[in-house]
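# Observations on chain architecture
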Amino acid sequence: MRQSVTVTVNGVPHEDAVEPRLLLVHYLREVAGLTGTHVGCDTSQCGACTVLLDGMAVKSCSMFAVQAGGRAVTTIEGLASGTELHPVQRAFWDEHGLQCGFCTPGFIMATAYLLDQNPSPSDDQIRKGLEGNLCRCTGYENILRAVRAAGRATATKAAVEAAVDEVTPPSPQPVGVGG
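Presented here is an overview of the structure given in this document. (Residues numbered from 1 in each chain as written. Predicted model: local features only at pLDDT ≥ 70, side-chain atom pairs only at ≥ 80, totals over all residues. Heavy atoms only, no water.)

## Comments concerning the side chain of His38
Just so we agree on the cut-off: Per the convention used, a helix needs a DSSP run of H or I reaching at least four residues, while a strand needs a run of E reaching at least two, with both numbered from the N terminus. Two N or O atoms form a polar contact when they lie within 3.5 Å of each other; inside protein one atom must be a possible hydrogen donor and the other a possible acceptor, and for residues adjacent in sequence the pair counts only when both atoms belong to side chains. Any two residues whose heavy atoms approach within 4.5 Å at even a single point are treated as in contact.
Position of His38 among the secondary structure elements: in the loop between α1 (24-31) and β3 (50-53). At 2.7 Å, the side chain of His38 and the backbone oxygen of Phe102 are in polar contact. Apart from the residues within four sequence positions on either side, His38 is in contact with Val25, Arg29, Ala48, Cys49, Gly101, Phe102 and Pro105.

## Describing the packing of aromatic side chains
Quick reminder of the rule: By convention, a stacked pair of Phe, Tyr or Trp rings (six-membered ring in the case of Trp) has centres within 6.5 Å and planes under 30 degrees apart, an edge-to-face pair has planes over 60 apart, and any other such pair is tilted.
Scanning all chains against the criterion turns up one aromatic pair. Between Phe107 and Tyr140, the ring centres sit 6.3 Å apart and the planes meet at 70°, which makes this aromatic pair edge-to-face. Note that Phe107 is positioned in helix α3 (residues 104-117) and Tyr140 in helix α5 (residues 140-167), a separation of 33 residues in sequence.

## Remarks on the pattern of salt bridges
Put simply, the test is: Whenever Lys or Arg places a side-chain nitrogen within 4 Å of a carboxyl oxygen from Asp or Glu, that contact is recorded as a salt bridge. Note on exposure labels: buried denotes an accessible area under 20% of the residue type's maximum, exposed denotes more than 50%, and partly exposed covers the range between, all computed with a 1.4 Å probe on protein chains only.
For the structure on display, the rule yields seven salt bridges. Measuring nitrogen to oxygen at the nearest pair gives 3.4 Å for the salt bridge that ties Arg145 to Glu95. You can see Arg145 sitting in helix α5 and its partner Glu95 sitting in the loop between α2 (87-94) and α3, a full 50 residues away along the chain. Lys128 is the partner of Glu131 in a salt bridge, and the nearest nitrogen-oxygen pair spans 3.3 Å. You can call Glu131 exposed: its relative accessible area is 52%.

## As for α1
By the burial criterion, the buried members of α1 are Leu24, Val25, His26, Tyr27 and Leu28. Residues of α1 that are buried in the fold lie against β1 (3-9), β2 (12-18), β3 and β5 (72-74).

## Concerning the nonpolar core
Rules: Residue types Ala, Val, Leu, Ile, Met, Phe, Trp, Tyr and Cys, when buried and joined through side-chain atoms within 4.5 Å, form a set referred to as a nonpolar core.
Ranked by size, the top nonpolar core spans 23 residues in total, and within it Val88, Phe92, Phe107, Leu130, Ile143 and Val147 carry the most contacts. If you tally residues by element for this core, the top one is α3, at seven residues. Excluding residues within four positions of it along the chain, Leu130 makes contact with Phe107, Ala110, Thr111, Ile143 and Val147.

## As for the packing of α2 against α3
Short version of the rule: With axes taken as lines fitted to C-alpha atoms, and helix axes fitted only over the stretch in contact, angles between N-to-C directions fall between 0 and 180 degrees. Orientation labels follow simple angle bins: below 35 degrees gives roughly parallel, above 145 gives roughly antiparallel, 65 to 115 gives roughly perpendicular, and whatever is left gives oblique. Definitions for this section: a left-handed crossing has its near helix turned counterclockwise from the far helix by less than a right angle. A right-handed crossing has that turn clockwise. For this scheme, ten residues count as nonpolar: Ala, Val, Leu, Ile, Met, Phe, Trp, Tyr, Cys and Pro. Four count as charged, namely Asp, Glu, Lys and Arg, and the remainder, Gly too, count as polar.
Closest axis-to-axis distance for the α2/α3 pair is 9 Å, and the angle between their directions is 125°. One finds that α2 runs oblique with respect to α3. In this structure, the crossing between α2 and α3 has a hand that is right-handed. Counting all contacts with α2, which are made through Val88, Gln89 and Phe92, the residues of α3 involved are Thr104, Phe107, Ile108, Thr111, Ala112 and Leu115. Of the residues belonging to the contact of α2 with α3, the class tally is six nonpolar, three polar and no charged.

Below, the structure written as structure tokens:
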């Protein structure tokens with residue numbers, strides 16, 4: 001017997017009837033048509049299926065789609081802004097943190113969560129933050145370098161936005177009426 005689930009994926013509301021035991025990763029790939037989230041081990045060991053659920057990194061192979069009902073899911077497809085890569089995606093590209101690419105979406109989503117929680121993590125904090133993700137190519141040095149670069153880029157972007165806010169003149173206020 002199918003069950004209705006309403007979930008927002010990358011800002012787009014979805015309502016579908018699904019089998020209650022359908023894993024979130026299979027929902028994203030097969031129902032929502034977003035194949036950027038990979039199925040690696042199906043046992044929550046490798047992290048290839050990592051997505052953000054209400055902003056928190058989760059392994060989408062370890063929960064049912066119906067458990068995401070009423071919540072917001074962000075996949076690798078939802079990180080970029082139009083044609084502009086997210087700073088974490090850009091850093092993985094620039095620092096060759098991609099290797100074969102199979103684990104990359106999971107690493108990028110876990111990194112986005114890590115940097116959201118701690119914009120300037122130490123190398124030990126990066127290793128701890130990404131310990132749930134495995135790279136079969138063992139390209140961990142490039143991944144570590146990419147996370148450091150993404151942290152710097154995120155901090156720079158935030159500083160530029162703060163500076164722009166500081167120099168932007170205030171909006172004109174309406175002239176008082178009647179008072």
